[in-house]
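# Commentary on secondary and tertiary structure
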Amino acid sequence: MNTKNIDLFKLDSTFIICLTLVLLASVVGLGYYYVTDKTLMAKNIDSAIAKGIDPLSVRCSYASSNDLICVAFAASAQSHNVATIAKK
């Protein structure tokens, strides 16, 4: 092998190693983020139960906008709010 091929091989292997490290760090970081997020949500739900707050409302504060349970909860809560306003 000549010097160009050896330098190209070193460059190729360095790039592959760096790319692998970046991908592994991304996967570990995302995994840690989601595990921590679920742990914090569980602690907040436990705290809400202890304080007498509806745990579903705490769960829905963490949910995405297309979560059907939270959409139904929000719709029912809104209808309850309208009914209490109408009575006044």
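Below you will find a few notes about this structure. (Residues numbered from 1 in each chain as written. Predicted model: local features only at pLDDT ≥ 70, side-chain atom pairs only at ≥ 80, totals over all residues. Heavy atoms only, no water.)

## Here we look at the packing of aromatic side chains
On inspection of all chains with the given rule, the structure shows 1 aromatic pair. For the pair Tyr33 and Tyr34, a centre-to-centre distance of 5.3 Å together with 70° between the ring planes defines the contact as edge-to-face. Overall, Tyr34 belongs to the partly exposed group, its relative accessible area being 49%. (Phe/Tyr/Trp six-rings, centres within 6.5 Å; stacked < 30°, edge-to-face > 60°. Buried < 20%, exposed > 50% of the residue type's maximum accessible area, 1.4 Å probe, protein only.)

## Focus on the state of the cysteines
Within the structure shown, the criterion is met by 1 disulfide. A sulfur-sulfur separation of 2.1 Å characterises the disulfide bridge that pairs Cys60 with Cys70. Handedness here is read from the sign of the S-S torsion; for Cys60 and Cys70, about -90°, the answer is left-handed. With Cys60 in helix α2 (residues 55-62) and Cys70 in helix α3 (residues 68-87), the pair connects residues that are 10 residues apart, well separated along the chain. No difference in accessibility class separates Cys60 from Cys70, as the two residues are buried. (Disulfide = S-S within 2.5 Å. Helix = DSSP H or I, 4+ residues; strand = E, 2+ residues; numbered from the N terminus.)

## Examining the environment of Thr39
For Thr39, the location among the structural elements is in helix α1 (residues 3-51). Among the polar contacts made by the side chain of Thr39, one reaches the main-chain carbonyl oxygen of Val35 at a distance of 2.8 Å. (Polar contact = N/O pair within 3.5 Å; in protein donor to acceptor, adjacent residues only side chain to side chain.)

## Remarks on the pattern of salt bridges
All chains considered together, the criterion is met by 1 salt bridge. The shortest N-O distance in the salt bridge between Arg59 and Asp67 comes to 3.0 Å. Among the residues examined, Arg59 registers a relative accessible area of 28% and is labelled partly exposed. (Salt bridge = Lys/Arg side-chain N within 4 Å of Asp/Glu carboxyl O.)

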